[in-house]
Amino acid sequence: QVQLVESGGGLVQPGGSLRLSCAASGFTFSRNVMSWYRQPPGKERELVAAITSAGGLANYADSVQGRFTISRDNVKNTVYLQMNSLKPEDTAVYYCKTRVALNDYWGQGTQVTVSS
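Predicted, not measured: the structure shown is a model, and the values here were computed from it. (Residues numbered from 1 in each chain as written. Predicted model: local features only at pLDDT ≥ 70, side-chain atom pairs only at ≥ 80, totals over all residues. Heavy atoms only, no water.)

> Hey, could you go over the environment of Val-2 for me, with residue numbers and the actual values?
Here Val-2 is to be found in the segment before strand 1 (3–7). Residues Val-2 and Ser-25, spaced 23 residues apart in sequence, show a C-alpha to C-alpha distance of 5.8 Å. Among residues more than four places away in sequence, those in contact with Val-2 are Ser-25, Gly-26, Phe-27, Val-100 and Tyr-105. (Helix = DSSP H or I, 4+ residues; strand = E, 2+ residues; numbered from the N terminus. Contact = heavy atoms within 4.5 Å.)

> Tell me about the nonpolar core, and name the residues and values.
Core analysis: the biggest nonpolar cluster contains 28 residues, and Trp-36, Leu-81, Met-83 and Tyr-94 have the highest contact counts within it. A total of four residues in this core trace back to one element, the largest contributor, which is strand 3 (residues 18–25). (Core = buried A, V, L, I, M, F, W, Y, C linked by side-chain atoms within 4.5 Å. Buried < 20%, exposed > 50% of the residue type's maximum accessible area, 1.4 Å probe, protein only.)

> How would you sum up the sheet that holds strand 8 (residues 78–83)? Please name residues and give values.
Taken together, four strands build an open sheet; the order of strands is 1-3-8-7 and the sheet is antiparallel. With partners counted over all chains shown, the strands left at the sheet margins are strand 1 and strand 7 (68–73), one partner each. Taken pair by pair, the neighbouring strands of this sheet meet at an average axis angle of 15°, ignoring direction. Pairing of strand 1 with strand 3, which is carried by five bridges, proceeds in the antiparallel orientation. Along strand 3, the bridge assignment pairs Ser-7 with Ser-21. (Pairing = 2+ DSSP bridges. Axes fitted to C-alpha atoms, helices over the stretch in contact; angles between N-to-C directions.)

> Please provide a residue-by-residue account of the side chain of Ser-35, values included.
Relative to the elements of secondary structure, Ser-35 occurs in strand 4 (residues 34–39). With relative accessibility at 7%, the residue Ser-35 sits in the buried group. The contact partners of Ser-35, leaving out residues within four places of it in the chain, are Leu-47, Ala-49, Ala-50, Tyr-95, Cys-96 and Lys-97.

> Please set out the packing of aromatic side chains residue by residue, giving values where relevant.
Scanning all chains against the criterion turns up three aromatic pairs. Measuring from ring centre to ring centre gives 4.9 Å for Tyr-37 and Trp-106, while their planes differ by 70°; the resulting arrangement is edge-to-face. On the criterion of sequence distance, the pair formed by Tyr-37 in strand 4 and Trp-106 in strand 10 (residues 103–106) is long-range, its members being 69 residues apart. On the accessibility criterion, Trp-106 (35% relative accessible area) is partly exposed. Between the aromatic rings of Tyr-95 and Trp-106, the centroid separation amounts to 6.3 Å while the plane-to-plane angle is 90°, which identifies the pairing as edge-to-face. Residue Tyr-95 is located in strand 9 (residues 92–100), and its partner Trp-106 is located in strand 10; the two are separated by eleven residues in the primary sequence. (Phe/Tyr/Trp six-rings, centres within 6.5 Å; stacked < 30°, edge-to-face > 60°.)

> Tell me what's going on with the state of the cysteines, and back it up with residues and numbers.
Counting across every chain of the model gives one disulfide. The partner cysteine of Cys-22 in its disulfide is Cys-96, sulfur to sulfur 1.9 Å. Where Cys-22 bonds to Cys-96 through sulfur, the torsion about that S-S bond is close to 45°, and the disulfide is right-handed. Highlighted residues: Cys-22 in strand 3 and Cys-96 in strand 9, separated in sequence by 74 residues. (Disulfide = S-S within 2.5 Å.)

Put into structure tokens, the structure is as follows:
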């Protein structure tokens, strides 16, 4: 079955960095677009970044453009989100997502808290 397992979240000071990882299994990872979403406290889930199957193209939310970088390793079946220059408003639960056979699959999420 499809499994997505995020890791790498934590508490970081404003201006700091974190790298999130999402390990995937149960589907042909190299054929799938992978996405990162986040859900801030009390708000709806929103798209942060997405990357094409071969990793050649990526797109970002305006709020993270220039600070976050999505990447993938199709040998390790893992997608990453490098987050730099973090701000308090980046505080959220971060999820990775993929679509397999018209069904969306989500990981369990990893908490990122940006605070001094």
